[in-house]
Amino acid sequence: MHSRAAARLRTLRTRSFATAASNPPLVALSSTARAQAERISAEWKGTSATGGNTKNLIGGEFVESKAEKWIDVVDPATQSLLTRVPETTSQEFEQAVDAASHAYKTWSHSSVLTRQRFVMELQYQLRQNSDAVASSIVLEQGKTFADAHGDLLRGLQVVETACGIPTALLGNTIEVSKDMDTSSRRLPLGVCASIAPFNFPAMIPLWTIPMAIATGNTLIVKPSERDPGAAMIIAELCHRAGLPAGVLNVVHGTVPTVNAICDHPSIKAISFVGGDRAGAHIYERGRKTGKRVQANLGAKNHAVLMPDANKNHALNSLIGAAFGAAGQRCMAISVAVLVGTAQQWLPELIERAKKLKVNQGFEKGADLGPVISPAAKARITSLIASAEEQGGKILLDGQNIQVPDYPDGNWVGPTIVEATTDMRCYREEIFGPVLVVIPADTLDDAISIINANKYGNGTAIFTQSGATARKFEVGVEVGQVGINVPIPVPLPMFSWSGNRASFLGDIPFYGRNGIDFYTQNKTTTALWKAEDAIGNKASVDMPTHH
Ligand code: NAD
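Residues numbered from 1 in each chain as written. Predicted model: local features only at pLDDT ≥ 70, side-chain atom pairs only at ≥ 80, totals over all residues. Heavy atoms only, no water.

Asks: Please clarify how the overall build of the protein should be interpreted in this entry.
Replies: Within the protein, the regular secondary structure consists of 18 helices and 22 strands. Since a compact globule built from 546 residues should have a radius of gyration of about 24 Å, the 25 Å found for the protein is in line with a globular shape. Taking the principal axes of its C-alpha atoms as reference, the protein extends roughly 85 × 65 × 40 Å. Of all intrachain contacts in the protein linking residues separated by at least 6 positions in sequence, the fraction that spans at least 24 positions is 73%. Surface exposure of the protein reaches about 22,700 Å², of which carbon and sulfur atoms provide 53%. Side chains of the protein carry 52 positive and 50 negative charges; the gap between the two charge centres is 2 Å. (Helix = DSSP H or I, 4+ residues; strand = E, 2+ residues; numbered from the N terminus. Rg over C-alpha atoms; globule rule 2.2 N^0.38 Å. Contact = heavy atoms within 4.5 Å. Areas by Shrake-Rupley, 256 points an atom, 1.4 Å probe, with all protein chains shown as cover. Lys, Arg positive; Asp, Glu negative; His and termini not counted. Charge placed at Lys NZ, Arg CZ, Asp CG, Glu CD.)

Asks: What should I look at first to understand the site of the ligand in this one?
Replies: By nearness alone, 27 residues border the ligand, and A196, E225, G275, L297 and E429 come closest of all. Within the backbone of A196, a nitrogen or oxygen atom sits 2.7 Å from an oxygen atom of the ligand. Within the side chain of K222, an N or O atom sits 3.0 Å from an oxygen atom of the ligand. Protein coverage of the free-state accessible area of the ligand, which is 830 Å², stands at 89%. Mapped onto the shell around the ligand, the elements with two or more residues apiece are α8 (203–214), α10 (255–263), β10 (267–273) and α11 (276–288). Of the residues that constitute the shell around the ligand, the class distribution is 15 nonpolar, eight polar and four charged. (Near = heavy atom within 4 Å. Polar contact = N/O pair within 3.5 Å; in protein donor to acceptor, adjacent residues only side chain to side chain. Nonpolar A, V, L, I, M, F, W, Y, C, P; charged D, E, K, R; others polar.)

Asks: For this particular structure, what's the right way to read empty space enclosed by the protein?
Replies: All told, the structure shown has three cavities of 30 Å³ or more when counted by the stated rule. Looking at the largest cavity, its volume works out to about 100 Å³. Forming the boundary of the largest cavity are 14 residues, of which G327, R329, A332, S334 and F431 lie nearest the centre. By residue class, the composition of the lining of the largest cavity is eight nonpolar, four polar and two charged. (1 Å grid on protein atoms, 1.4 Å probe; cavity = no way out; pocket = protein on both sides within 12 Å on 5 of 7 lines; lining within 4 Å. Points joined across faces, edges and corners; volume = space filled by probe spheres on them.)

Asks: Hey, could you run me through the pattern of salt bridges in this one?
Replies: One pass over the full model with this rule turns up 16 salt bridges. In this structure, D151 and K143 form a salt bridge, with 2.9 Å as the shortest nitrogen-oxygen distance. Judged by relative accessible area, which is 1%, D151 ranks as buried. We classify K143 as buried; its relative accessible area is 3%. Here the salt bridges share partners, and the residues they tie into one network are K311, E348 and R352. (Salt bridge = Lys/Arg side-chain N within 4 Å of Asp/Glu carboxyl O. Buried < 20%, exposed > 50% of the residue type's maximum accessible area, 1.4 Å probe, protein only.)

Asks: Even after reading the chapter, I still don't get the sheet that holds strand β5 (residues 172–177), so can you show me in this structure?
Replies: Adjacent strands of a sheet form backbone hydrogen bonds with each other and so pair up, either parallel or antiparallel. The strand order across the open sheet built from three strands is β5-β6-β22, with neighbouring strands paired in antiparallel fashion. Across the chains shown, the open sheet's two edge strands, defined by having one partner strand only, are β5 and β22 (519–527). The mean angle between the axes of side-by-side strands here comes to 25°, regardless of whether they run parallel or antiparallel. Sheet analysis places strand β6 (residues 180–188) next to β22, joined by nine bridges and oriented antiparallel. Considered in β22, the bridge of T182 is made with T525. (Pairing = 2+ DSSP bridges. Axes fitted to C-alpha atoms, helices over the stretch in contact; angles between N-to-C directions.)

Asks: How should unusual backbone geometry be read in this particular structure?
Replies: A negative phi holds for most residues other than glycine; trans holds for most peptide bonds. Of note, Q79 is a non-glycine position whose phi angle comes to about 70°, a positive value. Secondary-structure assignment places Q79 in the loop between β3 (70–74) and β4 (81–86). With relative accessibility at 3%, the residue Q79 sits in the buried group.

Asks: Looking at this structure, I do not really get the environment of T182. What am I missing?
Replies: Structurally, T182 can be placed in strand β6. If we skip the residues at most four places from it in the chain, T182 touches N172, T173, I174, V176, T523, T524 and T525.

Asks: What exactly am I supposed to notice about the packing of helix α12 (residues 311–323) against helix α13 (residues 346–354) here?
Replies: Packed helices, taken two at a time, are described by their axes: the angle between them and the distance between them. Where α12 meets α13, the axes come as close as 10 Å, and the angle between the chain directions of the two elements is 50°. As far as their axial angle goes, α13 and α12 are oblique. The interaxial crossing formed by α12 with α13 has right-handed handedness. Taking contact as the criterion, the partners of K311, N312, L315, N316, L318, I319 and F323 in α12 are, on α13, E348, L349, R352 and A353. Looking at side-chain class alone, the contact of α12 with α13 contains six nonpolar, two polar and three charged residues. (Parallel < 35°, antiparallel > 145°, perpendicular 65-115°, else oblique. Left-handed = near helix turned anticlockwise from the far one by under 90°.)

Asks: Please explain the packing of aromatic side chains as it appears in this structure.
Replies: Geometrically, a pair of aromatic rings is defined through the distance of the ring centres and the angle of the planes. Evaluated as defined, the whole model comprises eight aromatic pairs. When the centroid spacing of 6.4 Å and the interplanar angle of 70° are considered together, the rings of Y406 and W411 count as edge-to-face. Each member of the pair Y406 and W411 is classed as buried. Ring centres of F517 and Y518 lie 5.1 Å apart, and the angle between their planes is 85°; on these two criteria the pair is classed as edge-to-face. In this pair, the class of F517 matches that of Y518, namely buried. One aromatic cluster in this structure is built from W207, W496, F509 and Y510. The ring of F200 carries the charged tip of K143 above its face, separated from the ring centre by 4.0 Å. (Phe/Tyr/Trp six-rings, centres within 6.5 Å; stacked < 30°, edge-to-face > 60°. Lys NZ or Arg CZ within 6 Å of the ring centre and 35° of its normal.)

Asks: What's the story with the packing of helix α4 (residues 112–128) against α8 in this structure? I'm lost.
Replies: Their axes nearest at 9 Å, the elements α4 and α8 cross at an angle of 155°. It follows that α4 is roughly antiparallel to α8 by the angle criterion. Each of R115, F118, V119 and L126 in α4 lies in contact with α8, whose residues at this interface are L206, P210, I213 and A214.

Asks: Honestly, a nonpolar patch on the surface in this entry has me stumped. Any pointers?
Replies: A contiguous nonpolar patch, built from L491, M493 and F494 and spanning about 320 Å² of accessible area, is present on the exposed surface. A relative accessible area of 36% means that L491 is categorised as partly exposed. (Patch = residues over 30% accessible without salt bridge, like charges linked within 9 Å, V, L, I, M, F, W, Y side chains within 5 Å.)

Asks: Could you clarify how one ought to interpret α12 in this entry?
Replies: In a regular helix each residue adds 1.5 Å, so 13 residues correspond to 18 Å; α12 covers 18 Å between its end C-alpha atoms and thus fits that length. Turning to α12, its buried residues are A314, L315, S317, L318, I319, A321, A322 and F323. Among the structural elements, β12 (301–305), β13 (333–339), α13, β15 (415–418), β16 (434–440) and β18 (459–462) are those in contact with the buried residues of α12. By the N-cap criterion, in which a side-chain oxygen at the helix start approaches the backbone nitrogen of a residue two or three places on, α12 is capped by N310, the distance to N312 being 3.3 Å. Positive backbone phi, approximately 55°, marks A325, located one or two places after α12. (Expected span 1.5 Å × (residues − 1).)

Any functional reading would require information that these geometric values do not contain.
Rendered as structure tokens:
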């Protein structure tokens, strides 16, 4: 590691878990980043980007935690301390659950039009304040400003889809016998919880906030302790959009806070997105107390390049999907399977990858930013090194990339490794800008490789042949398939459909299934005999349903 970076890291580590002191100067931030950090700290109640503390949101109030343990949030491009998040105390956690339980009594009976108005107003607030959310993401997560806007936009689309909640919640009714009707309708579950990863600080909280709340639940969000700012801004925007106190609460922390969510008897459902280890733990522990759990986990997504593909489109798509967001997307393409003569495109793939600009996210022309932490960088580089140890070939090596003006960043440049399927770099999720290339003779071989991999999040094929695409689509056992589309995440009128080891649970996120996850059916059978009817004076007022 660069010696300055190492020294700075040592200083930072000693600060971790210390009680908050006065804000340190933001000397290491670039002038653009510093201006953004100061604006966020001045304008938003729940978060800071100038060294102050991130607050919990409990019962409509942004409250300073009395935690003894604090976790530093640092800019991954400079290691500057931006904020600290508390390891929420059990008493504070209990207050958040109480606030959500109390708010549930009225929110669950609010009219569906009230809830629709909230999501409509939220989409407006998010659009108006998109620069603030995106800036917070650049500072804390490190992705480029344009990509941070994309992060928010993909969440915003879930909010927009939730605006159709009155139609989505329509029930059924039928006369089952003379004068007897059965109706079924969807009712909320109660207090729900959402636990988020670091890589999409806006999109993933927005996968759950509009869906849980529009269906009449109340929610406790636990953002990633590494980049909580976007979730805090979104929470404040929920209040500006008219959300009553206690319907949305935000608590911070790590394993103890997550375990408190899993164990609390008043919490009825958990939505988790993150890595395999945490996901398996949360799924097991949450199910033990009878909760509904949906858990989106890790991935290894393959793109198959057929020799008849539109080469320019295929190579550009591959580069964007492998290296965008520094490969820290669960739908990043991390494996390219080059079939037959498509293997001859490898030198061109490498040339195009070399042209990508690695830089701090606010800098003009940046294609990818740093990875989230020095530990993430160490893990990524150890997996690259393992490829060489196991007989793979490093065709493009981004391990020692230097970014002028940002000597302390967690930089890894685009890396391309030729490997075989028995190597660690192929079997494990790298979650960095590393593309593993596997040659295959035929389409059948490519399909077998993909189906032998344990993950099932996403896959793509590039071909000009409908027959080839169809055969691939039918044969491949992966939940989200792209045909000439590199990151086939369905828009939220559909539901997330990653499968196999990329998902634990029964009901996936957002779309029709998202409504199912956050609701339970109630059927009612009523007998109103015609002979018992009495005459009533009809009301002539226009019904308003408020
Ligand atoms: P992570 O699992 O480290 O953290 C996710 C959340 O779980 C955080 O809020 C964290 O505080 C908590 N957590 C972490 N370890 C825990 C433990 N041992 N016990 C209880 N809680 C714990 O994940 P991350 O590094 O923030 O995110 C990257 C991972 O998320 C990658 O594996 C990526 O593939 C996955 N991901 C998946 C999807 C998807 O939709 N499939 C989307 C985004 C990210």
